[in-house]
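Examination of the molecular architecture
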Amino acid sequence: MEPTSDTPGSPIGRRTPRWDGPLKVTGKAQYASDFHFPGMLYAVPVEATIANGRITKLDTAAAEKMPGVRAVLHRGNIGKIFRSTLGAGFEGIVDERRPPFADDDIRYYGQYIALAVADTFESAKAAADAVRATYDKQKPNVSTELVADDEPDEVPTTFAPTKRLQSERGNAEKAFASAPVKLDQTYVVPAETHNPIELQGTVASWDGSMLTIYEESQGVFNLQGVLAQMFGLPKENVRVITKFVGSGFGSKLWPWTHCALAVAAARQLGKPVKLVISRRMMFQSVGHRPRVQQRVRLGATPDGQLVSLQQDYVNDQAMLDSYHEDCGEATPFMYSVPNLRVAFGRTRRNIGPPTAMRGPGAVPGLYATESALNELAAQLKIDPVRLRVLNEPKIDESVGLPFSSRHLLECYQVGGEKFGWSKRTPEVGSMKRDGLTLGWGVGGAAWIAARFPADASVQLRDDGTVRVACGTQDIGTGTYTILAQLASQKTGVPLDKIEVVLGDTSLPVGPISGGSLVTGSVVPAVFAAADNAIASLRSVAMTTPGSAFAKSKPDELAFEGGRLFVKADGPAKGVPFASVLSAAHLRLVTGNGKSEGTFGDPAPKFSTHSFGCHFVEVTWQPEIARLRVGRVVTVIDAGRIVNPLAGRNQVEGSVVMGIGMALLEHTTYDPQSGAPINSNLADYVMAVNADAPPIDVHFLDYPDYAINVLGARGIGEIGLAGFAAAVTEAVHHATGVRVRELPVKIEDLLG
Ligand code: MOS
């Protein structure tokens, strides 16, 4: 077991401000689009203004003649862009497989049909606006009524073929039919669009057959592999660099077509090309959470024991791709129930390809199942927390494995105490404060916990500094700081003497910044790399002529606080590693380390997940139909928390996003044009700081050693899971209205 914050001096578990904070607020952090190169050109895509049909004529003549314009690229002149395909493991992943400009068919509004390239952004924009397209236009299908298309039992998805019957035990249908208490409801989560502050974009430059890309990517190695395929290059000819990311929320996990356009333009014109998409394009062509319709059926005994759970859901997908919003991810293990069935279908729409958005699958899934549980509690006149206690499983009943670490009931207990849940009176509208009607609601959370494979290197250098390198990314979550904490833990070198290098395919292969898995994944790699660097230092010390350690055996030496020492003499007599290196005329020693992945392990010993719960208070003023989230208590069981400051920040952000999910966010497609019509930050309303109530985040801090030696799991996404269900329950408690289609709108509450 590793020492933690309980051990004086350990950086693990210490509230550590993020290293990148000052760089970002002073403008020193270089985001992808901050990179400039001599002679660089600017590209602006032309968007289709229909959502279904064909281009019959593309008139670029006027645009080509405009000042500063270098080219207007389209299907006829862009050159070869190949398709990419899935590889083994996490390789070759994209949500929009069709290369840009591959044919003249238009399948969603905003699909790129041409690319204007010019000396300045303004000239490129003017030229893009001057391109005229004529279409053979068909009526788009953006219907919000989702009925599963006829698909086989096993369907392709973004990752791998997946069975539509996701999980089954007992006979859920039969048990439902004979259950004394039944609930059968349908819940809808609308299309939601990620809106990271940093727009997506690419700076692409070629040097002969070597391609360098600056991109705000959540996965530089996957992007490298996809681009290598699309441009017919060996992987080592492509370098992807992502130093800072202004958030991603999943929209930057997998490559999008604008990136290939920038690369093709740079190839064609022999100059570096910068392409940054507009906010409107962010709603069209870089993914969104698809609309999901979920029917949940619960059967129970009168005293609240679940006897049957069925979840049947449908998400919409694009015309060509195969996105599956995995709403059944958490359902099979969340509760004890002998009869369970989870199945899904999809239906095609003229929409841009959906993709992962914060907590993909489990977030909309738990909204539905946790809402159903709350409704069942009301039906049974049982407290909703009590209902969860009654149905807490002893093991993961879907796979018959013990949980590595599950403390969900303690989350409810701690959260309930902090919130004052025992004072809740269940009758609608029965609680008041300062002239406001109060509504209290609760919801449970779960999220995957696993490791992706990861490599890392650690260098000890002759100036007393340490360098840690890993080709993962920091998407604003604190990864730079976490890696420094890990290296400091192993070497005893203070954080301000540790340099962390991330976001570059020239570094050891690191995991995608996805699934909230980075922290859990990199711990073994960084620790092993540090151990190996220290082992190298020891060998150096023993072989350097005249060294004080020349007569020692390896196991007589120890390393602590940045010093090498003979165990028998104690650390006080130790030699700083910088001196050991200088004496040997070495600038540095390097150690490499590796984490094996556990994600998708075919023979796991444990069911590994993170858990949590939310208690939410809303205030309601019926006179003016004013609904606000008044306060939130969230308790998270995510293993050992390496950096409680960054961790809390992640969960607070999720809670604010959850308020938006519950009350504000929805992308609306115009049935006539098929355009997402609220495609800007004024009309797509999200929760912001002013909407944030007091948020009390508490971590249980039980280490989960099934994940790594520190017991640390990740925490990016779990804070959003189950939150909307807590809000809609609170809304019902205050108003008596059950809203089953998000977001809750004022008109829903006007009766
Ligand atoms: Mo997260 S949707 O895995 O970036």
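Residues numbered from 1 in each chain as written. Predicted model: local features only at pLDDT ≥ 70, side-chain atom pairs only at ≥ 80, totals over all residues. Heavy atoms only, no water.

**What about the overall build of the protein chain?**
Within the protein chain, the regular secondary structure consists of 17 helices and 29 strands. A globule of 751 residues ought to have a C-alpha radius of gyration of about 27 Å, and the protein chain, at 27 Å, matches this closely. Dimensions of the protein chain, computed from C-alpha atoms along their principal axes, come out at roughly 85 × 70 × 50 Å. Looking at the 751 residues of the protein chain, the share that counts as buried comes to 61%. (Helix = DSSP H or I, 4+ residues; strand = E, 2+ residues; numbered from the N terminus. Rg over C-alpha atoms; globule rule 2.2 N^0.38 Å. Buried < 20%, exposed > 50% of the residue type's maximum accessible area, 1.4 Å probe, protein only.)

**Considering the sheet that holds strand 6 (residues 132–137)**
Spatially, 3 strands are ordered 4-2-6 in an open sheet, and the strand pairing comes out antiparallel. Both outer strands of the open sheet, strand 4 (105–106) and strand 6, are each paired with one neighbouring strand and no more. Looking at chain direction, strand 2 (residues 53–59) and strand 4 are connected through 2 bridges and run antiparallel. Of the residues in strand 4, the one forming a bridge with Gly53 is Ile106. (Pairing = 2+ DSSP bridges.)

**Remarks on the nonpolar core**
Leu298, Phe615, Val616 and Val618 are the most contacted members of the largest nonpolar core, which has 94 residues in total. Of all the elements, helix 9 (residues 362–380) adds the most residues to this core, at 10 residues. The residues touching Val616, leaving out its near neighbours within four places in the chain, are Phe419, Gly439, Trp440, Gly441, Val629, Arg631, Val632, Phe723, Ala726, Val727 and Ala730. The next biggest cluster of nonpolar side chains, apart from the first, holds 47 residues, and it includes Ala29, Val500, Ile534 and Leu581. (Core = buried A, V, L, I, M, F, W, Y, C linked by side-chain atoms within 4.5 Å. Contact = heavy atoms within 4.5 Å.)

**Let's talk about the pattern of salt bridges**
The full count for this structure, using the stated rule, is 38 salt bridges. The partner of Glu91 in a salt bridge is Lys235, and the shortest N-O contact between them spans 3.5 Å. Here Glu91 is found in the loop between strand 3 (69–73) and strand 4, whereas its partner Lys235 is found in the loop between helix 5 (220–230) and strand 13 (238–241), with 144 residues between them in sequence. Overall, Glu91 belongs to the partly exposed group, its relative accessible area being 39%. (Salt bridge = Lys/Arg side-chain N within 4 Å of Asp/Glu carboxyl O.)

**Remarks on helix 15 (residues 644–663)**
The terminal C-alpha atoms of helix 15, which comprises 20 residues, lie 28 Å apart, in line with the 28 Å expected from a rise of 1.5 Å per residue. With 15 of 20 residues buried, helix 15 lies mostly within the body of the structure. (Expected span 1.5 Å × (residues − 1).)

**Quick notes on the packing of helix 9 against helix 16 (residues 723–735)**
Their axes nearest at 7 Å, the elements helix 9 and helix 16 cross at an angle of 35 degrees. Viewed along their axes, helix 9 and helix 16 form a crossing whose handedness is right-handed. Where helix 9 abuts helix 16, its residues Leu366, Tyr367, Glu370, Ser371 and Asn374 lie against Ala724, Ala725, Thr728 and Glu729. Residues that form the contact of helix 9 with helix 16 fall into these classes: 4 nonpolar, 3 polar and 2 charged. (Axes fitted to C-alpha atoms, helices over the stretch in contact; angles between N-to-C directions. Left-handed = near helix turned anticlockwise from the far one by under 90°. Nonpolar A, V, L, I, M, F, W, Y, C, P; charged D, E, K, R; others polar.)

**Section: the sheet that holds strand 20 (residues 454–461)**
Across the sheet, which stays open at both edges, the 4 strands sit in the order 22-21-20-26 with mixed pairing between neighbours. The strands lining the two open edges of the sheet, one partner per strand, are strand 22 (498–501) and strand 26 (588–595). Averaged over all neighbouring strand pairs, the angle between strand axes comes to 15 degrees, with direction disregarded. Against the sheet, helix 12 (residues 479–491) engages strand 20, strand 21 (466–469) and strand 22, with an angle of about 135 degrees to strand 22. Against the sheet, helix 13 (residues 518–543) touches strand 20, strand 21 and strand 26, its axis set at about 145 degrees to strand 26.

**Digging into helix 3 (residues 121–130)**
Restricting attention to buried positions, one finds in helix 3 the residues Ser123, Ala124, Ala127, Ala128 and Ala130. One side of helix 3 carries all its buried residues, which in axial view fall inside an arc of 160 degrees. Each element contacted by the buried residues of helix 3 is listed here: strand 1 (41–47), strand 2, helix 2 (61–64), strand 3, strand 5 (112–118) and strand 6. (Arc of directions from axis to C-beta.)

**Considerations on the packing of aromatic side chains**
This model, assessed by the stated rule, comprises 22 aromatic pairs. Look at Trp19 and Phe244: their rings are 6.3 Å apart centre to centre, the planes differ by 20 degrees, and that puts the pair in the stacked class. In this pair, Trp19 is assigned in the segment before helix 1 (20–25) and Phe244 in the loop between strand 13 and helix 6 (257–269), connecting sequence segments 225 residues apart. Judged by its relative accessible area of 8%, Phe244 falls in the buried class. By way of ring pairs, the aromatic residues Tyr412, Phe419, Trp421, Trp440 and Phe615 are connected into one cluster. Against the face of Phe403 rests Arg406, its NZ or CZ located 4.8 Å from the ring centre. The ring of Phe419 carries Arg631 above its face, with NZ or CZ at 4.0 Å from the centroid. (Phe/Tyr/Trp six-rings, centres within 6.5 Å; stacked < 30°, edge-to-face > 60°. Lys NZ or Arg CZ within 6 Å of the ring centre and 35° of its normal.)

**A closer look at the side chain of Gln310**
Secondary-structure assignment places Gln310 in strand 16 (residues 306–317). We classify Gln310 as buried; its relative accessible area is 0%. Beyond its immediate stretch of four places on either side in the chain, Gln310 contacts Ala172, Glu173, Phe176, Arg295, Val296, Arg297 and Arg341.

**Some remarks on the side chain of Ser595**
Relative to the assigned elements, Ser595 resides in strand 26. Separated by 2.8 Å, the side chain of Ser595 and the backbone nitrogen of Ala525 make a polar contact. The contacts of Ser595, once residues within four sequence positions are left out, are Arg451, Phe452, Pro453, Ala454, Ser521, Val522, Pro524 and Ala525. (Polar contact = N/O pair within 3.5 Å; in protein donor to acceptor, adjacent residues only side chain to side chain.)

**Re empty space enclosed by the protein**
In the structure shown here, the tally under the stated rule is 7 cavities of 30 Å³ or more. Space inside the largest cavity adds up to approximately 80 Å³. Forming the boundary of the largest cavity are 13 residues, of which Val94, Val226, Met230, Pro255 and Trp256 lie nearest the centre. For the lining of the largest cavity, the secondary-structure elements that each account for two or more residues are helix 5 and helix 6. When residues in the lining of the largest cavity are grouped by element, the largest group, 4 residues, is from helix 5. Broken down by class, the residue content of the lining of the largest cavity amounts to 9 nonpolar, 2 polar and 2 charged. (1 Å grid on protein atoms, 1.4 Å probe; cavity = no way out; pocket = protein on both sides within 12 Å on 5 of 7 lines; lining within 4 Å. Points joined across faces, edges and corners; volume = space filled by probe spheres on them.)

**Here's the deal with the state of the cysteines**
One pass over the full model with this rule turns up 0 disulfides. Cysteine Cys613 is unpaired, with the sulfur of Cys411 as its nearest cysteine sulfur at 5.2 Å. (Disulfide = S-S within 2.5 Å.)

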